[in-house]
Amino acid sequence: LQSMLEELIIHQPDDPIQFMINHLKQNNDDAPRICVLGPPASGKTTVALWLCKRLDAIRISQETLLFKEALALTEEAKAYKERKEKIPNVLWANLIQERLSNVDCIKQGWILEGFPENQEQAWILQSSGIIPRHVVVLYAPDTVLIERNSGKRIDPITEEVYHTTFDWPRDLLIQERLVKPEDLSEQEISKKLLEYHRNFPGIFHIYQKILKSINADQPSMDVLSQVLTYVQTRHRSAAPFTPRIVFCGPPGSGKSLQASLLAQKYGVVNICCGQLLKEIVAGKTKLGELIKTYLESGYP
């Protein structure tokens, strides 16, 4: 229900009833909607791939959008990449929106890896109705990330990430096909880390209520366990809550006192059944006369 209200507010459709019907037909409100963020070499890909397997969700990353999807804007984005120019935030957001509108993402949910990269991307995604339920932020000291980056290797078939020191595969076939990613110089990674640290405060400001920071400088299974625990939690709704309380108990147990104290503290209306019956009898109405017979005879 909260998701549907968010969509109504964002899209403001001409026909709200039909919009809600379509939402209920198409959307799975229990499907995961997760962003996995963090600096380079913090383990975003490893976490995203593992979550996709555990939650049966769709992983979306820069690589999948540019090289594994046949989207309308893919060629335009690739052209920027080939010219070694930065892909505009609006173009990235439009690519993501187009991909997430596909049926598999709607039904199975999605893991957005490495997006948004900055506050502008986050604002554009939100204005497009792309609002994650959970945002996982991995962190580690820059010295650790630079060391990790130097030994990083990728399996081109599964896209899983390995490391020459910390996580080398036992399978010889996997070892033979591992490749070294591009742009692994210490100067390049330092530049990317600086950009990440510059952009992160803006992202934190937008997602702070649904964001969980997790230390990536620990055994991978500990990281994955903490991530899974967090993304399986349900956030408390921000919708207004009207309390409805019933006090039960034997005579003399203190029901009236506790009800009076709660009504005074929280400003709720205290309805005492006994007092209510007495007031009706005092009104001398037909209902009051009927109730009076039971009260005088001591029957409930």
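All figures in this text were calculated on a predicted structure; none of them were measured in a lab.

**As for the overall build of the protein chain**
Thinking step 1. Counting secondary structure elements, the protein chain contains 15 helices and seven strands.
Thinking step 2. Its C-alpha atoms give the protein chain a radius of gyration of 28 Å, clearly above 19 Å, the size a compact globule of 300 residues would have.
Thinking step 3. The principal-axis extents of the C-alpha atoms in the protein chain amount to approximately 90 × 45 × 35 Å.
Thinking step 4. Across the 300 residues of the protein chain, 36% fall into the buried class.
Thinking step 5. Taking the intrachain contacts of the protein chain between residues at least 6 apart in sequence as the baseline, contacts between residues at least 24 apart amount to 66%.
Thinking step 6. Each charge class in the protein chain was averaged separately, 35 positive and 36 negative side chains, and the resulting centres sit 8 Å apart.

**Quick look at the packing of aromatic side chains**
The relation between two aromatic rings is expressed through the spacing of the ring centres and the mutual angle of the planes.
Thinking step 1. Counted according to the given criterion, the structure contains three aromatic pairs.
Thinking step 2. Their ring planes at 55° and their centres at 5.1 Å tell us that Trp92 and Phe115 sit as a pair that is tilted. On the criterion of sequence distance, the pair formed by Trp92 in helix H6 (residues 89-100) and Phe115 in the loop between strand E3 (110-113) and helix H8 (119-127) is long-range, its members being 23 residues apart.
Thinking step 3. Residue class for Trp92 comes out buried when judged on its relative accessible area of 4%.
Thinking step 4. Taken together, the aromatic side chains of Tyr196, Phe200 and Phe204 make up a single cluster linked through ring pairs.

**Things to note about the environment of Leu276**
Thinking step 1. Topologically, Leu276 is positioned in helix H14 (residues 273-282).
Thinking step 2. Residue classification places Leu276 among the partly exposed positions, given a relative accessible area of 41%.
Thinking step 3. Once the C-alpha coordinates of Leu276 and Ala216 are considered, the two residues, 60 residues apart in sequence, prove to be 61 Å apart.

**A closer look at H6**
Thinking step 1. Between its terminal C-alpha atoms H6 stretches 16 Å, which fits the 16 Å expected from twelve residues at 1.5 Å a residue.
Thinking step 2. Taken together, the buried positions of H6 are Asn89, Leu91, Trp92, Ala93, Leu95, Ile96, Arg99 and Leu100.

**Observations concerning the confidence of the model for the protein chain**
Thinking step 1. On average, residues of the protein chain score 83 in pLDDT, and 90% of them reach the 70 mark or higher.
Thinking step 2. Per-residue pLDDT, averaged within each element of the protein chain, yields its smallest value for helix H1 (residues 2-11) (67) and its largest for strand E4 (residues 134-139) (95).

**So, the pattern of salt bridges**
Thinking step 1. With the rule as written, the count across this model stands at six salt bridges.
Thinking step 2. Taking the shortest distance from any N to any O, the salt bridge between Arg99 and Asp104 comes out at 2.8 Å.
Thinking step 3. Taking the relative accessible area as the measure of exposure, Arg99 reaches 5% and is therefore buried.

**Here's the deal with the pairing of strand E1 (residues 33-37)**
Thinking step 1. Across the five residues of E1, five count as buried, placing the element largely inside the fold.
Thinking step 2. Here E1 shows a buried face lined by Arg33, Cys35 and Leu37 and a second buried face lined by Ile34 and Val36.
Thinking step 3. Across four bridges, the pairing between E1 and E4 is parallel. Within E4, the residue paired with Val36 across the bridge is Val136.

**Topic: the pairing of E3**
Thinking step 1. Residues of E3 alternate between two faces, with Trp110 and Leu112 on one and Ile111 and Glu113 on the opposite face, all of them buried.
Thinking step 2. Bridge count for strand E2 (residues 58-60) against E3 is three bridges, and the pairing is parallel. Considered in E3, the bridge of Ile60 is made with Leu112.

**Regarding the state of the cysteines**
Thinking step 1. The final tally for this structure, using the stated rule, is zero disulfides.
Thinking step 2. Not engaged in a disulfide, the cysteine Cys273 finds its nearest cysteine sulfur in Cys272; these two sulfurs lie 6.7 Å apart.

**A look at the sheet that holds E4**
Thinking step 1. Sheet architecture is open: five strands sit in the order E2-E3-E1-E4-E7, paired in parallel fashion. Among the strands making up the open sheet, the edge pair consists of E2 and strand E7 (211-215). Ignoring which end each strand starts from, the neighbouring axes of this sheet average 20° apart.
Thinking step 2. Packed onto the sheet, helix H11 (residues 186-207) meets E1, E4 and E7 and runs at close to 150° relative to E4.
Thinking step 3. Its contacts with the sheet put helix H12 (residues 220-231) on E1, E4 and E7, and the angle it makes with E4 is roughly 160°.

**Examining a nonpolar patch on the surface**
Thinking step 1. On the surface, a cluster of nonpolar side chains totalling about 320 Å² of accessible area is made up of Val269, Ile271 and Leu276.
Thinking step 2. Positionally, Val269 belongs in the loop between helix H13 (255-266) and H14.
Thinking step 3. Given the relative accessible area of 70%, Val269 is considered exposed.

Definitions and cut-offs
- Residues numbered from 1 in each chain as written.
- Predicted model: local features only at pLDDT ≥ 70, side-chain atom pairs only at ≥ 80, totals over all residues.
- Heavy atoms only, no water.
- Helix = DSSP H or I, 4+ residues; strand = E, 2+ residues; numbered from the N terminus.
- Rg over C-alpha atoms; globule rule 2.2 N^0.38 Å.
- Buried < 20%, exposed > 50% of the residue type's maximum accessible area, 1.4 Å probe, protein only.
- Contact = heavy atoms within 4.5 Å.
- Lys, Arg positive; Asp, Glu negative; His and termini not counted.
- Charge placed at Lys NZ, Arg CZ, Asp CG, Glu CD.
- Phe/Tyr/Trp six-rings, centres within 6.5 Å; stacked < 30°, edge-to-face > 60°.
- Expected span 1.5 Å × (residues − 1).
- pLDDT = per-residue confidence, 0-100.
- Salt bridge = Lys/Arg side-chain N within 4 Å of Asp/Glu carboxyl O.
- Pairing = 2+ DSSP bridges.
- Disulfide = S-S within 2.5 Å.
- Axes fitted to C-alpha atoms, helices over the stretch in contact; angles between N-to-C directions.
- Patch = residues over 30% accessible without salt bridge, like charges linked within 9 Å, V, L, I, M, F, W, Y side chains within 5 Å.
- Areas by Shrake-Rupley, 256 points an atom, 1.4 Å probe, with all protein chains shown as cover.

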